[in-house]
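Here's the letter readout for the chains.
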Amino acid sequence: MKEELLNRFTKYVKVDTQSNEDSTVCPTTPGQMELANILVSELKEIGMEDVTVDEFGYVMATLPSNTTKEVPVIGFLAHLDTATDLTGKNVQPQVHENYDGADIVLNRELNVVLSTKQFPELADYKGKTLITTDGTTLLGADDKAGITEIMVAMNHLINHPEIKHGKIRVAFTPDEEIGRGPERFDVEAFGAKYAYTMDGGPLGELEYESFNAAGAKITFKGNSVHPGTAKNKMVNAVKMAMEFNSHIPAHEAPEFTEGYEGFYHLISLNGDVEEAKAYYIIRDFDHLKFVERKTHIATIAKELEEKYGKGTVELTLKDQYYNMKEKIEPVKEIVDIVSAAMRNLDIEPKISPIRGGTDGAQLSYKGLPTPNIFGGGENFHGKFEYVALESMVKATEVIIEVARLFEEKA
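Residues numbered from 1 in each chain as written. Predicted model: local features only at pLDDT ≥ 70, side-chain atom pairs only at ≥ 80, totals over all residues. Heavy atoms only, no water.

Draft legend 1. Spatial organisation of the sheet that holds strand β18 (residues 386-388). Across the sheet, four strands lie side by side as β4-β7-β18-β17; this open sheet has antiparallel pairing. Among the strands making up the open sheet, the edge pair consists of β4 (94-96) and β17 (377-378). Here β4 pairs with strand β7 (residues 130-132) via three bridges, running antiparallel. Residue His96 lies in a different strand from β7, and its bridge partner there is Leu130. (Pairing = 2+ DSSP bridges. Helix = DSSP H or I, 4+ residues; strand = E, 2+ residues; numbered from the N terminus.)

Written out as structure tokens, the structure is:
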């Protein structure tokens, strides 16, 4: 299993599937369709049935039931795209066998070091096989680790018919990182009663609570005049953006929050005197506080427009997803099954709120309750991203055990 996981994962991460917030097509980048087509071929090769990919890059496939019991149809999902935070082009995965617990030099030339001081959790991986970046890109374990684990789990079940299971559906979706993954996902065609995203972090993570989430795009319109004659004429759009940000509570940001604490996050700010654009994401587990955060953003925009003139501040505020807890708690037995599966594999479940998004948040509101299971990665969305091969083995085993338990309990 280890070798298959390593081979598939290192193949998948080399396909550039970074999504693009500014694109209006689906998938937003051609690399996602490239990977989708690779997976379609591989799903057929291992013996999956009803393998399809639609024009939008959604891959679906079926593993038929091998039991006479009436077992609910379950699904496993992972997303094709990688984050917009750092390039996913020319990913060169580095494999570190029997990790010695010391700092890892990712790129000697650029002096990029995966530091045990900065990332003390590395101590948990001593003796493991770590897969890292070369210090110039993200790795893509989010979520190609999940894709790999689903592929290997399905292959294992096909080759081990003695493991009884009901009908299993798998899906690989585009554009999750920009919040669009479930937009064109056909829940009815997928045909599962429950599903799981393999899109979590370290070993044991199990999540069924998510943020309420929104994105805010603000355009500031200035007036560029030669600085020598600018008095009472120039309006600096970049400074307007800076003024806007000064009204955001400084400590309500990702770098200062944890647990159930919400935040505002300035993703990007660019422009010049004439025009500047800022993009924020807004997150909170509590729906009332979520609404208050959106209201605060809208109020700042309105006040600045009143100060600088009509049309100088343009706000687009859009909800992205909601806390899936409301939809999963009524069927919490699907979380309990995963907990039992983990314990059967000597993994202690770490049930916590997910401080990020998964397709499951939106799918749960589309009628498909979808908790999130660990994929094994750490430090997502950056050059210090890594995953332990042993964690990927465990995640794969969890998929297999969940399928077995659903059949056993039927």
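Draft legend 2. Layout of the UniProt feature "binding site: Zn(2+) 2" (unreviewed entry) in the protein chain. Under the UniProt annotation, "binding site: Zn(2+) 2" (unreviewed entry) lies at Asp142, Glu177 and His381. Maximum C-alpha separation among the annotated residues is 9.9 Å over a sequence range of 240 residues, consistent with a single clustered spot. Its location among the elements puts Asp142 in helix α3 (residues 141-159). Exposure remark for Asp142: the relative accessible area of 8% places this residue in the buried category. Setting aside anything within four residues of it in sequence, one finds Asp142 in contact with His79, Asp81, Thr82, Glu177, Asp199, Phe380, His381 and Glu385. Considering the arrangement of structural elements, one finds Glu177 in the loop between β8 (168-173) and α4 (187-190). With a relative accessible area of 19%, Glu177 lands in the buried category. When sequence neighbours within four positions are dropped, the list of residues in contact with Glu177 reads Ser19, His79, Asp81, Thr82, Ala83, Asp142 and His381. (UniProt positions renumbered as here; feature names shortened; annotations may be inferred. Buried < 20%, exposed > 50% of the residue type's maximum accessible area, 1.4 Å probe, protein only. Contact = heavy atoms within 4.5 Å.)

Draft legend 3. Looking closely at the UniProt feature "domain: Peptidase M20 dimerisation" (unreviewed entry) in the protein chain. Cross-referencing UniProt, the feature "domain: Peptidase M20 dimerisation" (unreviewed entry) maps to residues 208-311 in the present numbering. Counting secondary structure, residues 208-311 comes out at 31% helix and 28% strand; the distance between its end C-alpha atoms is 41 Å.

Draft legend 4. The side chain of Ser210, seen in detail. Tracing the chain through its elements places Ser210 in the loop between β10 (205-207) and β11 (212-221). Classification of Ser210 by relative accessible area gives buried; the value is 2%. With residues near it in sequence (within four places) discarded, Ser210 still touches Phe285, Tyr321, Tyr322, Asn323, Met324, Ile354 and Ala361.

Draft legend 5. Here's a closer look at the pairing of strand β12 (residues 263-271). Across eight bridges, β12 lies against strand β13 (residues 275-284) in antiparallel orientation. Bridging from a neighbouring strand, His265 pairs with Ile281 of β13. Linking β12 to β13, which pair antiparallel, is a turn of three residues.

Draft legend 6. Structural detail: the packing of helix α2 (residues 30-46) against α3. Their axes nearest at 10 Å, the elements α2 and α3 cross at an angle of 15°. With respect to their mutual orientation, α2 and α3 come out roughly parallel. Crossing hand, α2 versus α3: right-handed. Listed contacts from α3 to Leu35, Leu39, Glu42, Leu43 and Ile46 of α2 are Lys144, Ile147, Met151, Met154, Asn155 and Ile158. Looking at the contact of α2 with α3, its residues break down into eight nonpolar, one polar and two charged. (Axes fitted to C-alpha atoms, helices over the stretch in contact; angles between N-to-C directions. Parallel < 35°, antiparallel > 145°, perpendicular 65-115°, else oblique. Left-handed = near helix turned anticlockwise from the far one by under 90°. Nonpolar A, V, L, I, M, F, W, Y, C, P; charged D, E, K, R; others polar.)

Draft legend 7. Structural detail: the sheet that holds strand β9 (residues 194-200). In space, the eight strands of this open sheet follow the order β1-β2-β8-β3-β9-β16-β10-β15, with mixed pairing throughout. Among the strands making up the open sheet, the edge pair consists of β1 (49-53) and β15 (350-351). Examined bridge by bridge, β1 and strand β2 (residues 59-63) share three bridges and lie antiparallel to one another. Bridging from a neighbouring strand, Val53 pairs with Val59 of β2. In the packing of α3 onto the sheet, contacts are made with β2, β3 (74-79), β8, β9 and β16 (372-374), and the angle to β3 comes to roughly 145°. Those strands touched by helix α8 (residues 333-344) are β9, β10, β15 and β16, and its axis lies near 175° from that of β10.

Draft legend 8. Quick peek at the environment of Ile347. Counting through the fold element by element, Ile347 comes out in the loop between α8 and β15. Sequence separation of Ile347 and Ala395 is 48 residues, and the distance between their C-alpha atoms is 10.0 Å. The residues touching Ile347, leaving out its near neighbours within four places in the chain, are Leu203, Gly204, Met342, Phe374, Lys394 and Val398.

Draft legend 9. Local environment of the nonpolar core. Membership of the largest hydrophobic core comes to 63 residues, with the highest contact counts inside it found for Phe76, Met154, Phe172 and Val402. Ranked by residue count, the leading element in this core is helix α10 (residues 389-409), at eight residues. A domain split of this core shows at least three residues from each of domain 1 (1-209 + 324-409) and domain 2 (216-321). If we ignore the near neighbours within four places in the chain, the residues touching Val402 are Ile74, Phe76, Tyr196, Ile337, Val338 and Ala341. Counting residues in hydrophobic clusters, the runner-up holds 20 residues, among them Phe220, Met240, Phe290 and Ile300. (Core = buried A, V, L, I, M, F, W, Y, C linked by side-chain atoms within 4.5 Å. Domains from an automatic or database assignment.)

Draft legend 10. Main features of the packing of aromatic side chains. All told, the structure shown has twelve aromatic pairs when counted by the stated rule. Judged by centre distance (6.2 Å) and plane angle (65°), the ring pair of Tyr58 and Phe185 falls under edge-to-face. Of the two residues, Tyr58 is situated in the loop between β1 and β2 and Phe185 in the loop between β8 and α4; the sequence distance between them amounts to 127 residues. With relative accessibility at 4%, the residue Phe185 sits in the buried group. Relative to Phe406, the ring of Tyr194 lies with its centre 6.3 Å away and its plane at 35°, an arrangement referred to as tilted. Here Phe406 lies in helix α10 and Tyr194 lies in strand β9, a separation of 212 residues in the sequence. Phe406 gets classed as buried once you look at its relative accessible area, which sits at 5%. An aromatic cluster is defined as three or more aromatic residues linked by ring pairs; in this entry it consists of Phe211, Tyr260, Phe263 and Phe285. Lying across the ring of Phe56, Arg184 places its NZ or CZ 4.5 Å from the centre. Its guanidinium or amino end placed over the ring of Tyr279, Lys217 lies 6.0 Å from that ring's centre, counting from NZ or CZ. (Phe/Tyr/Trp six-rings, centres within 6.5 Å; stacked < 30°, edge-to-face > 60°. Lys NZ or Arg CZ within 6 Å of the ring centre and 35° of its normal.)

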